[in-house]
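Per-entry structural report
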Amino acid sequence: MVELNNINVIFNRGTILENPVLKGVSLLVEQGQFLTVIGSNGAGKSTLLGAVTGETPIIQGNVVLNGLDVTKQEVHQRARQCARVFQDPLAGTCAELSIEENMALAYMRGKKRGWASALSSQRRKIFQERISILGLGLEDRLGDSIGLLSGGQRQAVSLVMATLAGSKILLLDEHTAALDPRMAMFVIELTKTLVSEFQLTVIMVTHSMKDALACGDRTVMMHQGEIVLDVSGEQRANLQVTDLLDMFSHVKGEELSDDGLLLN
Ligand SMILES: Nc1ncnc2c1ncn2[C@@H]1O[C@H](COP(=O)(O)OP(=O)(O)OP(=O)(O)O)[C@@H](O)[C@H]1O
């Protein structure tokens, strides 16, 4: 469960560049819910995820993860509870390390135990099992440098890695945006499989209105640091991409330019 209460984020506070990016955002994502987040460029979507992980300093409000108030916790302390996958496949993995070593690092996220325990033969079996879900034959290539994989393969491995430490909250920050359409579809399907298998609570930021409606069970739209739309259930099930755009215009009383939101 992710609970954000009245979160305010202001970048460059007190300077000429002061930028209020989240304006009293409150959001409750129930245990096991899969929320998709859309919104125009600069709406505050990534900042919202940063507020959950602790990477973004908040000036007001509180963050509760799985019932625990983590507002004062550092990023590494919250890492036990939530995992984040970024847009850039290179961001979540270390090119110089092998697939197995990358997985071992992910496995140890938020844990105090040593490196050796993460690389035991028993762990290797778990890693092989988990990575075989991809159907890419990587279970036989655990010793290969992860830098040898394509961007899409690496993003798929990043997603599997995000499930290794046992955290129940998964934050996806446009994780398919840098992939070609075929690989993006593969990673979206993989996302659905992993979310269902590990019963994760998910916040997925996307620029694809199609994916926003096709994945998960609830969609919010952000605009200028606020949640301007929140749909689920039957209302969402009946929505088309064009309806979403109309709703946006209605809520904000303005036309939305197509460069901010992809219509695919
Ligand atoms: N660390 C930072 N320091 C200063 N300003 C920042 C920082 N991070 C983000 N911003 C600004 O905050 C605003 C919101 O950024 P954010 O990345 O949350 O938007 P977004 O909705 O994810 O946009 P996009 O869809 O373009 O990725 C932008 O104006 C951005 O320039």
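Residues numbered from 1 in each chain as written. Predicted model: local features only at pLDDT ≥ 70, side-chain atom pairs only at ≥ 80, totals over all residues. Heavy atoms only, no water.

1. Observations regarding the packing of helix α3 (residues 99-107) against helix α5 (residues 121-132)
Short version of the rule: As a rule, the C-alpha atoms of each element are fitted with a line to give its axis, helices using only the stretch in contact, and angles between N-to-C directions run from 0 to 180 degrees. For the purposes of this entry, the term helix denotes a DSSP run of H or I that reaches at least four residues, the term strand denotes a run of E that reaches at least two, and both are numbered from the N terminus. Every angle not falling under 35 degrees, over 145, or within 65 to 115 is termed oblique; those three ranges are roughly parallel, roughly antiparallel and roughly perpendicular. It only takes one pair of heavy atoms within 4.5 Å for two residues to be counted as in contact. Each residue is assigned to one of three groups, with Ala, Val, Leu, Ile, Met, Phe, Trp, Tyr, Cys and Pro labelled nonpolar, Asp, Glu, Lys and Arg labelled charged, and all others, Gly among them, labelled polar.
Put simply, α3 and α5 touch, their axes get as near as 11 Å, and they point 100 degrees apart. Relative to α5, α3 is oriented roughly perpendicular. Counting all contacts with α3, which are made through I99, E100, M103, A104 and Y107, the residues of α5 involved are R123, R124, F127 and I131. Residues belonging to the contact of α3 with α5 are distributed by class as follows: six nonpolar, no polar and three charged.

2. Structural notes on the domain arrangement of the protein chain
Definition in use: Where each domain starts and ends follows an automatic or database-derived domain assignment. Accessible surface is computed with a 1.4 Å probe, and the buried area is the amount of it that two parts give up when combined, taken over both parts together. The definition of a polar contact used here is a pair of N or O atoms within 3.5 Å, where within protein one atom must be able to donate a hydrogen and the other to accept one, and adjacent residues in sequence count solely through side-chain atom pairs.
The domains assigned to the protein chain are domain 1 (1-81 + 169-178 + 198-264) and domain 2 (91-166). Just the C-alpha atoms count here: the centres of domain 1 and domain 2 sit 28 Å apart. Contact residues are listed per partner, giving eight residues for domain 1 and eight residues for domain 2. Of the roughly 700 Å² buried at the junction of domain 1 and domain 2 (both faces included), carbon and sulfur atoms supply 63%. Counting the surface domain 1 buries against domain 2, the share from its top three residues, R80, H175 and F198, is 62%. Applying the counting criterion to the domain 1 and domain 2 interface returns two residue pairs in polar contact (both at pLDDT 80 or more). Across the side of domain 1 that touches domain 2, the residue classes tally to five nonpolar, two polar and one charged.

3. Concerning the pattern of salt bridges
Selection criterion: Salt-bridge detection follows one rule: a side-chain nitrogen of Lys or Arg within 4 Å of a carboxyl oxygen of Asp or Glu. The cut-offs for exposure are 20% and 50% of the maximum accessible area for each residue type, with area from a 1.4 Å probe on protein chains only; residues under the lower value are buried, those over the upper are exposed, and the others partly exposed.
According to the stated counting rule, one finds six salt bridges in the structure shown. The salt bridge involving K192 is made with E189; its shortest N-O contact spans 3.5 Å. Of this pair, K192 and E189 both sit in helix α7 (residues 181-198), separated by three residues, roughly a single helical turn. E189 sits in the partly exposed class, given a relative accessible area of 42%. When salt bridges that share partners are traced, they join E55, R84 and D173 into one network.

4. A few points about the pairing of strand β1 (residues 2-11)
Quick note on the threshold: Here, any two strands with at least 2 DSSP bridges between them count as paired.
Pairing geometry for β1 and strand β2 (residues 19-29), over eight bridges, is antiparallel. Pairing of V2 across the sheet is with V29, part of β2. Sheet analysis places β1 next to strand β4 (residues 60-65), joined by five bridges and oriented antiparallel. Looking at β4, one finds that V2 is bridged to L65.

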